[in-house]
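Inside the fold
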Amino acid sequence: DTENNTDKTEEINNENITNNGKIQSEKIFEIEDFLDNSMLLEEFFKLNPNIDINSKNKNGDTLVLKAIRERNYHILYKLQQREKDGIISGVDWNAVDADGKNGLMIAIERNHSRDIEYLNGNDYERVYNYKKSYEKKSNDKNTVYDINDLLELGVNPNYINNKTKFQNFYCTPLQELIIVSNKAAVDAMLESPKTDVNLSHPDTPPPIFMM
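Residues numbered from 1 in each chain as written. Predicted model: local features only at pLDDT ≥ 70, side-chain atom pairs only at ≥ 80, totals over all residues. Heavy atoms only, no water.

Tallying secondary structure elements over the chain gives 11 helices and two strands in all. Going from N to C terminus, the chain has its helices and strands arranged as α-β-β-α-α-α-α-α-α-α-α-α-α. Per-residue burial over the chain gives 44% buried out of 211 residues. Put simply, 66% of the contacts in the chain that link residues at least 6 apart link residues at least 24 apart. A total of about 12100 Å² of accessible surface is found on the chain, and carbon and sulfur atoms cover 47% of it. (Helix = DSSP H or I, 4+ residues; strand = E, 2+ residues; numbered from the N terminus. Buried < 20%, exposed > 50% of the residue type's maximum accessible area, 1.4 Å probe, protein only. Contact = heavy atoms within 4.5 Å. Areas by Shrake-Rupley, 256 points an atom, 1.4 Å probe, with all protein chains shown as cover.)

This is the structure:
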């Protein structure tokens, strides 16, 4: 009985009811394995009718954020397709993680982790060599692909992270790209009619000044 009560308590702690009556549960991440099977998806939501599609895991990621962080874009495409099919509803493409980063920021920082490492250092020769390297060019190119995909999915390019600074700035995704000097990705962001080039946090210079 004690073991059963403990299990029940842990289950309750892992599930919270949101303001809209939906249940926050990590169980939602089970659907990653069968997003391509509409019958299994429908059965899952019949068994879990009140589960929140935007539930977060212990790391503070939703299905969308986890897929972006792991660069599993096929999961994002399947989520979009199942939403169009009407099997899934309410996917928050603009969810933010525990550090206040949206999907675009997660993708940028994931691809440019080496740039960020060098920005924090003072070895300018290593920085110069890295910026000329194949790895840098590959990371820049991957970021362009990611940005185009995420903008198409509806991730907000004008989001400002008011919670966590990036290189001492409260940033938009565009500003982050300027800081890591990815010109091709900046161009891709500017080509989107959704991007507001004048937008910045009140304590942060406008993107044109940062350029």
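Attention now goes to the side chain of histidine 201. Turning to its location among the elements, histidine 201 is positioned in the loop between helix H10 (183–191) and helix H11 (207–210). The class for histidine 201 is buried, based on a relative accessible area of 12%. Within the local environment of histidine 201, its side chain forms a polar contact with the side chain of asparagine 162, the two groups lying 3.2 Å apart. Ignoring sequence-local partners within four residues, the contact set of histidine 201 consists of Ile160, Asn162 and Tyr170. (Polar contact = N/O pair within 3.5 Å; in protein donor to acceptor, adjacent residues only side chain to side chain.)

Of note, the phi angle at arginine 71 is positive, near 55 degrees, even though the residue is not glycine. With respect to the helices and strands, the residue arginine 71 is situated in the loop between helix H3 (63–69) and helix H4 (73–85). With phi around 60 degrees, serine 181 is a residue other than glycine that occupies positive phi space. Along the chain, serine 181 falls in the loop between helix H9 (173–179) and H10. Under the relative-accessibility criterion, serine 181 is labelled partly exposed at 44%.

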